Each structure stands twice: as C-alpha cells, then as structure tokens.
Amino acid sequence: MSTPGDPNVRVTPAVAATGLDQDAVLATENVTKHFGGLTAVDSVDFTVAEGELRCLIGPNGAGKSTLLELITGQLSPTKGHVYFDGIDLTDMPAHERIDAGLSVKFQSPHIYEGLTVAQNLQIPLQRTDCDDIRSATHETLEEIELADRADTPAGDLSHGQQQRLEIGMATTLEPTLMLLDEPVAGMSVEETASVADLIRSLNDDGMAFVVIEHDMEFVRTISDQVTVLNQGSIFRQGPIEEIEADEAVQRIYLGEDA
Ligand SMILES: Nc1ncnc2c1ncn2[C@@H]1O[C@H](COP(=O)(O)OP(=O)(O)OP(=O)(O)O)[C@@H](O)[C@H]1O
C-alpha cells in the first residue's frame, strides 16, 4: 500500500538509513523538533521491529507525544528523517502515511458520536478495497467485543468502549504499525484489561505497536520492550524488568537529573 513508484518518495531501506535493526518497520534518524527555543525532541533514533509491541514511557514533558506526532506527520521535524517500511516519509502528509500502513489513535476518542458503532466501523472500511463491508464490520465488532452494541449510537458507549471502537476503526485499515497515545487513560481496571487483551491479540496477529503510556501496570501487561524518553532524548531501552529496576530511570521520574 506504500507507493514505491512515486517519484516524490525517497525509497531508502530503514537499515541503510540508520545502521540499526535489519527488521525495523519504523526508524527515525536524528529526528529533532524545536518549538522556538525549546528542544522537545532531540536527535532521536527510534526503531520498531516488524511485529514488535514497544511502549514509550517517560516523565511529563519528555517529548513522547511530540515524537509520535513527528512519526504520524501531524508535526514536521526541524531536522532528521522518519522511515517507514523502507520509505522516507518525512515530507509525506499525515493522511498518506495512514494509507502507507501507519495508523494512530490519539488520547481523546475521535469517533462519530451520532452514528452507530457499526456505522463508525464502516467509515474507514469504505476507504479500503474491502468487497464485503458487512462481514468485515461483523468481524471487527467481534474482535473489539462490541458485537452486542452494533446498533448503539457511539456517543452512548462507555469511555473504554469508545476507545476500543476507535482502535477497531484503525484496524479496519489493516495497518502494519499502530501508534496509541495513552490508550487506557481514565479507564477502569476492567476496561484497561479489555484494551490490553485487544492490543495483545492484534499483536499476536502480527500488527506492530508503539504505545505511549504512564500506567506501568498496563505497560508490564502488554509489552516486553520499553523505550524511556527524557528531556527529548532516548534515555534507556530494554526489557521492562530492567527498566523498572534501573535507579537512574526511577530518579528521572522523581524529577532528579540522572
Ligand atoms: N505545540 C507546542 N508548542 C510549544 N511547546 C510544545 C508544543 N507541544 C509540546 N511542547 C513542549 O514540548 C515538550 C514535550 O512535550 P510533549 O507533549 O511531547 O511531552 P510528553 O512526554 O508527551 O508529556 P506528557 O506525558 O505530559 O503528555 C514540553 O516541554 C511541551 O511543553
């Protein structure tokens, strides 16, 4: 679904660009974002392997959302590049990145509250080449455990159900990589567990994820690999157990420079 034939797109294998992981589906190279005199993201090389589920954590103001918006194209980097599936999409508009296989779910739900749950799913499906929208809608309803709410206006769903619906809307486009910004913020324990199950099931089917999250219990439940961002830079990367045991990581969460 990417457009390697497009002369405006510079095709460069992520590995060649970064010298990093051969299997990287996403690679940022030296990506930097200044807001006036503030450097929100500072020369970040962030990679995600094919099929990986990586959590991005860090204290408030670390640059997590800014990095996500640089990847999705909501923001343009001051310098650096973003490679996805071997394509340099640094200059590609956000909507084209979605077509290339990069989906995003921001913190607040972006759903059509006046339409039913099923109708919400049909909107993105109409953008695909799916020839049986009815079956595809049903399949997604089952996956997000909202089959019994198919005809309910989306505005009447609970917060957790709305988040699952939006993840379902993103999955209809069959993305290679889904980016989620704090998907369980404000959710009950049960709702959080249900979103964790959904993410794990989609990941088992091969979808890669980057999940920004503050809830460490949730991070522990879904993810093996964690990247810690601090003051705009990658501070640590590794398995969740190592990251949680790292005293320098603990210190940055207390607001002390490590
Ligand atoms: N549009 C903007 N204009 C100016 N400064 C911004 C803008 N967006 C973010 N910033 C600043 O960039 C820095 C990084 O912000 P960002 O929202 O990326 O951090 P974060 O790690 O996502 O934080 P949080 O966990 O609190 O959401 C902060 O100092 C923030 O105030």
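Residue numbers here run from 1 along each chain, matching the order of that chain's written sequence. Per-residue local features are limited, in this predicted model, to residues with pLDDT of at least 70; the limit for side-chain atom pairs, both in listing and counting, is 80 or more; totals at the level of whole chains, interfaces and linings are taken over all residues. Side-chain calculation: all heavy atoms of the structure are included, whereas hydrogens and water are not.

By the naming in an unreviewed UniProt entry, the protein chain goes by ATP-binding cassette domain-containing protein and is assigned to Natronorubrum aibiense.

Draft legend 1. Geometry of the sheet that holds strand S9 (residues 177–181). At least two DSSP bridges between two strands are needed for those strands to be called paired. Numbering of helices and strands runs from the N terminus; a helix is a DSSP stretch of H or I covering at least four residues, while a strand is a stretch of E covering at least two. Spatially, the six strands line up as an open sheet ordered S8-S9-S10-S5-S11-S12, and their pairing is mixed. Of all strands in the sheet, those with a lone pairing partner are strand S8 (102–105) and strand S12 (233–239), marking the two edges. Pairs of neighbouring strands in the sheet enclose a mean axial angle of 20°, with direction left out of account. Relative to S9, S8 is paired through four bridges, and the arrangement is parallel. Bridge pairing in S9 links Ser103 to Met178. With axes taken as lines fitted to C-alpha atoms, and helix axes fitted only over the stretch in contact, angles between N-to-C directions fall between 0 and 180 degrees.

Draft legend 2. Up close: the site of the ligand. By convention in these notes, a residue is near a molecule or strand provided one of its non-hydrogen atoms lies within 4 Å of it. The local shell around the ligand consists of Phe35, Leu38, Ala40, Pro59, Asn60, Gly61, Ala62, Gly63, Lys64, Ser65, Thr66 and His214. Any N or O atom pair separated by 3.5 Å or less is treated as a polar contact, with the protein-specific requirement of one donor-capable and one acceptor-capable atom, and with residues adjacent in sequence counted only for side-chain atom pairs. At a separation of 2.9 Å, an oxygen atom of the ligand approaches a polar backbone atom of Gly61. One of the side-chain N or O atoms of Thr66 is found 2.6 Å from an oxygen atom in the ligand. Mapped by element, the contributors of at least two residues to the shell around the ligand are strand S3 (38–44) and helix H2 (64–72).

Draft legend 3. Quick look at the packing of helix H4 (residues 117–125) against helix H5 (residues 133–143). Where H4 meets H5, the axes come as close as 10 Å, and the angle between the chain directions of the two elements is 120°. The orientation of H4 relative to H5 falls into the category oblique. Where H4 crosses over H5, the handedness of that crossing is right-handed. Contacts between H4 and H5 involve Val117, Ala118, Leu121, Gln122 and Leu125 from the first element and Ile133, Ala136, Thr137, Thr140 and Leu141 from the second. Throughout, the ten residues Ala, Val, Leu, Ile, Met, Phe, Trp, Tyr, Cys and Pro are labelled nonpolar, Asp, Glu, Lys and Arg are labelled charged, and all others, Gly among them, are labelled polar. Along the lines of polarity and charge, the residues of the contact of H4 with H5 split into seven nonpolar, three polar and no charged. Here is the rule for angles: anything less than 35 degrees is roughly parallel, anything more than 145 is roughly antiparallel, 65 through 115 is roughly perpendicular, and the remaining ranges are oblique. For a crossing to be left-handed, the near helix must be turned anticlockwise from the far one by less than a right angle; the clockwise case is right-handed. Contacts were defined at the residue level, with two residues in contact if any of their heavy atoms lie within 4.5 Å.

Draft legend 4. Just a negative patch on the surface, in detail. Together, Asp129, Asp131, Asp132, Glu139, Glu143, Glu174, Asp204 and Asp205 make up a region of like negative charge exposed at the surface. Along the polypeptide, Asp129 turns up in the loop between H4 and H5. Only residues above 30% relative accessible area that lack a salt bridge enter a patch, with like-charged residues linked at up to 9 Å and the nonpolar side chains Val, Leu, Ile, Met, Phe, Trp and Tyr linked at up to 5 Å. The Shrake-Rupley method, run with a 1.4 Å probe, gives the accessible areas here. Residue values count only the displayed protein chains as cover. We count a salt bridge whenever a side-chain nitrogen from Lys or Arg sits within 4 Å of a carboxyl oxygen from Asp or Glu. In this count, Lys and Arg are taken as positive residues and Asp and Glu as negative ones, while His and the chain termini are left out. Every charge is mapped onto a representative atom, which is NZ of Lys, CZ of Arg, CG of Asp or CD of Glu.

Draft legend 5. Broad picture of helix H6 (residues 159–171). By this rule, a helix spans an expected 1.5 Å times one less than how many residues it contains. In a regular helix each residue adds 1.5 Å, so 13 residues correspond to 18 Å; H6 covers 19 Å between its end C-alpha atoms and thus fits that length. Extensive coverage of H6 is indicated by the burial of twelve of its 13 residues. The classification of residues rests on relative accessible area computed with a 1.4 Å probe and restricted to protein chains. Under 20% of the type maximum is buried, over 50% is exposed, and intermediate values are partly exposed. Every buried residue of H6 is accounted for by Gly160, Gln161, Gln162, Gln163, Arg164, Leu165, Glu166, Ile167, Gly168, Met169, Ala170 and Thr171.

Draft legend 6. Region of interest: the confidence of the model for the protein chain. Scored between 0 and 100, pLDDT is the confidence that the predictor attaches to each residue. Averaged over the protein chain, the pLDDT score is 88; the fraction of residues at 70 or greater is 90%. Averaged over each element, pLDDT in the protein chain is lowest for strand S1 (residues 10–11) (40) and highest for S3 (97). Below pLDDT 50 for its whole length, residues 1–20 participates in 37 contacts with residues either more than four positions away or in separate chains.

Draft legend 7. Fine view of H2. With seven of its nine residues buried, H2 lies for the most part within the structure. Following H2 by one or two positions, Gly73 has its phi on the positive side, about 95°.

Draft legend 8. Focus on the nonpolar core. Buried residues of nine kinds, namely Ala, Val, Leu, Ile, Met, Phe, Trp, Tyr and Cys, make up a nonpolar core once their side-chain atoms join them within 4.5 Å. Ranked by internal contacts, the top residues of the largest apolar core, which has 38 residues, are Leu165, Phe209, Val211, Phe218 and Val226. Here this core takes five residues from helix H7 (residues 189–204), the largest share from any one element. By size, the runner-up hydrophobic cluster in this structure holds 27 residues, among which are Val25, Leu68, Phe84 and Leu177.

Draft legend 9. Highlighting the packing of aromatic side chains. Any Phe, Tyr or Trp ring, taking Trp's six-membered ring, that has another such ring centre within 6.5 Å forms a pair; planes under 30 degrees apart are called stacked, those over 60 apart edge-to-face, and the others tilted. A full pass over the atoms with the stated rule returns zero aromatic pairs. Placement of a charge over a ring requires the Lys NZ or Arg CZ to be within 6 Å of the ring centre, with the centre-to-atom vector within 35 degrees of the ring normal. One cation-aromatic arrangement involves Arg236 over Phe235; the distance from NZ or CZ to the ring centre is 4.7 Å.

Draft legend 10. Summary view of the environment of Thr90. Tracing the backbone through its elements, the reader meets Thr90 in the loop between strand S7 (87–88) and helix H3 (94–99). Note on Thr90: relative accessible area 9%, which makes it buried. For the pair Thr90 and Leu75, spaced 15 residues apart in the sequence, the C-alpha separation amounts to 9.9 Å. Dropping the residues within four chain positions of it, Thr90 is found in contact with Pro77, Gly80, His81, Val82 and Arg97. A polar atom in the side chain of Thr90 sits 3.4 Å from the side chain of His81.

Draft legend 11. Expanded view of the layout of surface pockets. Only protein atoms enter the 1 Å grid used here, on which a cavity is any set of points holding a 1.4 Å probe that cannot leave and a pocket is any open set flanked by protein within 12 Å on both sides along at least five of seven lines; residues with an atom within 4 Å of a point are listed as lining. Grid points are joined across faces, edges and corners, and a volume is the space filled by probe spheres set on the points. The computed volume of the largest pocket comes to approximately 610 Å³. Around the largest pocket, the lining comprises 23 residues; the ones closest to its centre are Leu125, Thr171, Thr172, Leu173 and Glu174. At the level of elements, H3 and H5 are the ones that each hand at least two residues to the lining of the largest pocket. Here the lining of the largest pocket takes five residues from H5, the largest share from any one element. Along the lines of polarity and charge, the residues of the lining of the largest pocket split into nine nonpolar, six polar and eight charged. Considering only enclosed or pocket space, the second largest pocket measures out at about 510 Å³ in volume. Together, 19 residues line the second largest pocket, and Ile98, Val104, His110, Arg127 and Glu166 are the ones closest to its centre. In terms of residue class, the lining of the second largest pocket is built from twelve nonpolar, five polar and two charged.

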